[in-house]
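Per-entry structural report
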Amino acid sequence: MATNSDSLYNVLYRIDRKPEMATINHIGYNNVVNMTFPDTTLVSEPNIYFPDNSLLVDRFSDDFVAKNSDILDRFQQKTREKDHGLESVWVTTAHILDKHEYMIELTFESSPM
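Below is a short write-up of the structure. (Residues numbered from 1 in each chain as written. Predicted model: local features only at pLDDT ≥ 70, side-chain atom pairs only at ≥ 80, totals over all residues. Heavy atoms only, no water.)

Let us now look at the overall build of the chain. Broken down by element type, the chain carries 4 helices and 5 strands. When the elements of the chain are put in sequence order from the N terminus, they spell out α-β-β-α-β-α-α-β-β. For 113 residues, the compact-globule estimate of 2.2 N^0.38 gives 13 Å, and the chain sits close to it at 13 Å. Dimensions of the chain along its principal axes, counting C-alpha atoms only, are 40 × 25 × 25 Å. In the chain, buried positions account for 43% of the 113 residues. Of the contacts formed within the chain by residues at least 6 apart in sequence, a portion of 68% connects residues at least 24 apart. Side-chain charges in the chain split into 10 positive and 18 negative, and the spacing between the mean points of these groups amounts to 6 Å. (Helix = DSSP H or I, 4+ residues; strand = E, 2+ residues; numbered from the N terminus. Rg over C-alpha atoms; globule rule 2.2 N^0.38 Å. Buried < 20%, exposed > 50% of the residue type's maximum accessible area, 1.4 Å probe, protein only. Contact = heavy atoms within 4.5 Å. Lys, Arg positive; Asp, Glu negative; His and termini not counted. Charge placed at Lys NZ, Arg CZ, Asp CG, Glu CD.)

This is the structure:
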C-alpha cells in the first residue's frame with residue numbers, strides 16, 4: 001500500500017524533530033498516539049495520504065518498521081502504555097477540513113504470546 005512511502009516518514013520525521021508543530025490528542029486508547037497539525041504544512045501528495053474527511057488506514061510493512069524502528073519507538077513512548085512492541089504498527093491519516101488540520105495516528109500492537 002502507498003502508506004509505506006517516504007511521504008509519511010517525512011511527516012513523522014518533521015514532527016519528531018519539531019514536536020511543537022503537532023498537537024498530541026489523548027483519545028483514550030493506551031496503544032495509540034494521535035497527532036494533528038495545520039493543513040498549511042507542506043506534505044507530499046496530500047490528496048493520497050491525507051484524504052478529505054475520510055480515514056486512510058494501513059499497516060506499515062515489516063521492512064518499513066525495521067528500517068524506521070528508532071523513530072517509531074520514540075512515538076510509541078508518547079502512548080499511555082509503552083510496552084506494546086513494534087510487531088504491528090498501523091497508521092491512520094485524514095484531512096479534517098472544518099478544523100484545517102491533518103491527522104496522523106499510530107497504533108502499536110504486539111503479537112500475543
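A rise of 1.5 Å per residue sets the reference length of helix α1 (residues 6-17), with its 12 residues, at 16 Å; its end C-alpha atoms lie 16 Å apart and thus fit the reference within 8%. All of the buried residues along α1 are Ser7, Leu8, Val11, Leu12, Ile15 and Asp16. Where the residues of α1 are buried, they touch β2 (32-38), α2 (46-49), α4 (69-76), β4 (88-96) and β5 (101-109). (Expected span 1.5 Å × (residues − 1).)

With that settled, consider the pairing of β2. The buried count for β2 comes to 6 of 7 residues, which makes it a mostly enclosed element. Relative to β2, strand β1 (residues 23-25) runs antiparallel, the two being bridged by 3 bridges. Within the sheet, the bridge partner assigned to Thr23 lies in β2 and is Thr36. As consecutive antiparallel partners, β1 and β2 are separated by 6 residues, and within that stretch Gly28 has a phi angle of approximately 100 degrees, a positive value. Direction of pairing for β2 relative to β5: antiparallel, over a ladder of 7 bridges. Considered in β5, the bridge of Pro38 is made with Glu101. (Pairing = 2+ DSSP bridges.)

Mapping Leu72 onto the fold places it in helix α4. Overall, the relative accessible area of 0% leaves Leu72 in the buried class. For Leu72 and Val89, which are 17 residues apart along the polypeptide, the C-alpha to C-alpha distance reads 8.5 Å. Setting aside its immediate chain neighbours within four residues, Leu72 contacts Leu12, Phe60, Val65, Leu86, Val89, Leu106 and Phe108.

Within β4, 7 of the 9 residues are buried, which leaves it mostly tucked inside the rest of the structure. Where strand β3 (residues 56-59) meets β4, 4 bridges bridge the pair, whose relative direction is antiparallel. When the bridges of β4 are listed, Val57 appears paired with Thr92. Bridge count for β4 against β5 is 9 bridges, and the pairing is antiparallel. The residue of β5 that forms the bridge with Trp90 is Thr107. Between β4 and β5, which pair antiparallel and follow one another directly, the connecting turn spans 4 residues, one of which, His100, has a positive phi of 55 degrees.

It is worth stressing that arrangement in space is one thing and function is another; only the former is reported here.
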